[in-house]
Amino acid sequence: MTDIEEPPDPEADQPPPSDDHAFLGHPRGLATLSGLEVWERFSFLGMQAILVLYFADAVANGGLGMNPGTAASVSAAYGTMVYLVSVAGGWLADRILGSYRAVLWGGILIACGHYAMAVPTAAMTWVGLGLISAGTGLLKPNVANMVGKLYRTDDDRRDAGFALYYMAINIGAFAGPLITGWLGEHQGWHWGFSAAAIGMTAGLVQYVLGRRHLAGRKHSAEYALAPAAMRSAVTKIIGGCLAFAVLATLLALTGWLTMGRFVDLLTLVSVIAPVVYFAVMFRSPRVTAEERGRLRPYVVLFLASVAFNFILFQAYSTMMLLASTNARTTILGFGFPASWYASALGAFEVLLAPVVAALWVRMGHRQPHASNKIAIGVILGGLSFLLMVIPTSGHGGDSYRMAAWWIVGSYLLLGLGDVLLETSGMSATTKLAPKAFGSQTMALWFLSLALANGIQAQVVKLYGEVSNPVYFGVNGGIAVAAGLAVIALAPWLRRTMHPVH
């Protein structure tokens, strides 16, 4: 007897054949999964757009009174924790829960976390962030993997499908900061968190109603553990979580586990986790030689994702802080909350994703290789930061206000880069993933986001300590150099990723 049961017949768990072209020429299940992500991103990014401002706001105004560098670092550490948990989420889906239930329970935890943050106490803020981290770790890697299951590996619609999926996600990314930002800055931060909770609840409802259109919707895991091994695993997971909670509480009460040390610990784990995970996958007997060969170029794509997302996630930390202190909050005479700048990023991605999707469909097999799409995305991310050198040069302190168009222009470059990199990266991940590590390989992609946040949690401590032109110029220059390095490796990547295009 083995510890892992053989997967059942996959044909028994497919959506109706009539679904294949029912949604804009794509499978009907794409609409269901995209709808879930609309509301998940509405809640997650709507909350994140005001989180760093809430941390930095004075206690008298309902905030937590952190200095800007600390606020950005803690916000990044939260992002690190969110994506670190995705490893456990992928494993739970593959071995215990199955993708459908993993996503469902993840969404429930996220909604509970946002409801907790709606309670105006600091303690409930930390409880809520913990629940959201656990829920996002269950939901994010598995819903993206379910999108991949809707297409054959050689289906030319695959990249276009991920582009549409990403466009739908960014409808939520656009709408979330508009609602939460207005409520947070006009009614109180916890009113904004309440709106995020309602949005996630709406996403869960439509997900359950549309489940018949999903591939992989069965309740059993695809590579389920045998009953005895499953009972043992569940016992160890529960025991480990309880032990961690008790240890963390004791260390905090003794004064050893401070916020700064917790941030540093998360950064260390974000570095170690992907190294260990790659090593496990390379050595696993369930990974074939051919699959192992395709993992090598994936390491390059992983590092490219780290370089880009290090810039992207600062759209919700240092860029939010910069907008709140040094950018005008009026356009053509219309005033708006500083957090609305985050909606510009989502708006550009909503507009650009269908254009990119249509371009890839029109080009078919003539479209650029996935590695080149990702490299261009990284370069655009770096340029978005280099652009900020211009309006911040020659100024000091908070006495100046740059025109809104500078930040909008930066987000335009960042949005286009995000569409190119994330859609191609997620699509390539589902193509390159070893079959026995399907959901977990998607989780590995999200570990690149954890590492990006972990690095960011340290680097953003310099924000406000060095000049803004130096801060944005150095970070942007490093990202551009990383993108050029991926382009230089393109011949090797095309050869080793074959037949993946």
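(A) Spotlight on the overall build of the chain. Scanning the chain from N- to C-terminus turns up 17 helices and 2 strands. Considering the chain as a whole, with its 501 residues, one finds that 56% of them fall into the buried category. Counting contacts in the chain only where the partners sit at least 6 residues apart, residues at least 24 apart contribute 84% of the total. With an accessible surface of roughly 19,800 Å², the chain has 69% of that area assigned to carbon and sulfur atoms.

(B) Focus on the packing of aromatic side chains. All chains considered together, the criterion is met by 15 aromatic pairs. Seen from their ring centres, tyrosine 463 and tyrosine 471 are 5.7 Å apart, and the 80° between their planes marks the pair as edge-to-face. The same class applies to tyrosine 463 as to tyrosine 471, namely buried. Within the aromatic cluster, the residues linked to one another by ring pairs are Tyr54, Phe55, Trp126 and Phe193.

(C) Examining the environment of leucine 104 more closely. Tracing the backbone through its elements, the reader meets leucine 104 in helix α3 (residues 99-117). Sequence separation of leucine 104 and leucine 138 is 34 residues, and the distance between their C-alpha atoms is 8.6 Å. Excluding anything up to four places from it in sequence, leucine 104 contacts Leu204, Tyr207 and Val208.

(D) How the structure looks around the environment of alanine 338. As for its placement among the helices and strands, alanine 338 is situated in the loop between β2 (334-335) and α11 (341-363). Once the C-alpha coordinates of alanine 338 and isoleucine 50 are considered, the two residues, 288 residues apart in sequence, prove to be 9.2 Å apart. Apart from residues lying up to four places away in sequence, alanine 338 is in contact with Glu185, Met320, Ala323, Ser324 and Thr329.

(E) Fine view of the packing of α3 against helix α6 (residues 189-209). At a minimum axis separation of 7 Å, α3 and α6 run at an interaxial angle of 160°. In terms of their interaxial angle, α3 and α6 are classed as roughly antiparallel. Regarding α3 and α6, the two cross each other, and that crossing is left-handed. Taking contact as the criterion, the partners of Ser99, Tyr100, Val103, Leu104, Gly107, Ile108, Ile110, Ala111, His114, Tyr115 and Met117 in α3 are, on α6, His190, Phe193, Ala196, Ala197, Ile198, Met200, Thr201, Leu204, Tyr207 and Val208. Considered class by class, the residues forming the contact of α3 with α6 number 16 nonpolar, 5 polar and no charged.

(F) Representation of the nonpolar core. Met47, Tyr165, Tyr207, Tyr341, Ile407 and Tyr411 are the most contacted members of the largest nonpolar core, which totals 128 residues. Here the element with the most residues in this core is helix α1 (residues 29-56); it accounts for 13 residues. With residues near it in sequence (within four places) discarded, tyrosine 341 still touches Met320, Ala323, Ala327, Arg328, Phe336, Ala404, Ile407, Val408 and Tyr411. One finds Leu92, Leu97, Leu138 and Leu225 within the second-largest nonpolar core, a separate group that totals 9 residues.

(G) Spatial organisation of the side chain of lysine 140. Along the chain, lysine 140 falls in helix α4 (residues 122-149). When its relative accessible area of 7% is taken as the criterion, lysine 140 is described as buried. Of the polar contacts made by the side chain of lysine 140, one reaches the side chain of glutamate 37; its length is 3.1 Å. Those residues in contact with lysine 140 that lie beyond four places of it in its chain are Glu37, Glu40, Arg41 and Phe446.

(H) The arrangement of the confidence of the model for the chain in detail. Per-residue confidence for the chain gives a mean pLDDT of 83; residues scoring 70 or more make up 90%. Ranking the elements of the chain by mean pLDDT puts strand β1 (residues 330-331) last, at 78, and helix α16 (residues 468-488) first, at 94. Within the model, the stretch residues 4-12 combines pLDDT values under 50 with 15 contacts to residues more than four positions away or in other chains.

(I) Here's a closer look at the pattern of salt bridges. Taken as a whole and assessed by the stated rule, the structure comprises 4 salt bridges. Its salt-bridge partner being glutamate 37, residue lysine 140 comes within 3.1 Å of it at the nearest N-O pair. Remark: glutamate 37 occurs in helix α1 and lysine 140 occurs in helix α4; sequence separation between them is 103 residues. Residue lysine 140 shares its accessibility class with glutamate 37, and that shared class is buried.

(J) Quick peek at a nonpolar patch on the surface. Side chains of Leu265, Leu268, Val269, Val271, Ile272, Val276 and Val280 sit close together on the surface and give an oily, nonpolar patch of about 560 Å² of accessible area. Structurally, isoleucine 272 is set in helix α8 (residues 259-283). The class for isoleucine 272 is partly exposed, based on a relative accessible area of 45%.

Parameters at a glance
- Residues numbered from 1 in each chain as written.
- Predicted model: local features only at pLDDT ≥ 70, side-chain atom pairs only at ≥ 80, totals over all residues.
- Heavy atoms only, no water.
- Helix = DSSP H or I, 4+ residues; strand = E, 2+ residues; numbered from the N terminus.
- Buried < 20%, exposed > 50% of the residue type's maximum accessible area, 1.4 Å probe, protein only.
- Contact = heavy atoms within 4.5 Å.
- Areas by Shrake-Rupley, 256 points an atom, 1.4 Å probe, with all protein chains shown as cover.
- Phe/Tyr/Trp six-rings, centres within 6.5 Å; stacked < 30°, edge-to-face > 60°.
- Axes fitted to C-alpha atoms, helices over the stretch in contact; angles between N-to-C directions.
- Parallel < 35°, antiparallel > 145°, perpendicular 65-115°, else oblique.
- Left-handed = near helix turned anticlockwise from the far one by under 90°.
- Nonpolar A, V, L, I, M, F, W, Y, C, P; charged D, E, K, R; others polar.
- Core = buried A, V, L, I, M, F, W, Y, C linked by side-chain atoms within 4.5 Å.
- Polar contact = N/O pair within 3.5 Å; in protein donor to acceptor, adjacent residues only side chain to side chain.
- pLDDT = per-residue confidence, 0-100.
- Salt bridge = Lys/Arg side-chain N within 4 Å of Asp/Glu carboxyl O.
- Patch = residues over 30% accessible without salt bridge, like charges linked within 9 Å, V, L, I, M, F, W, Y side chains within 5 Å.

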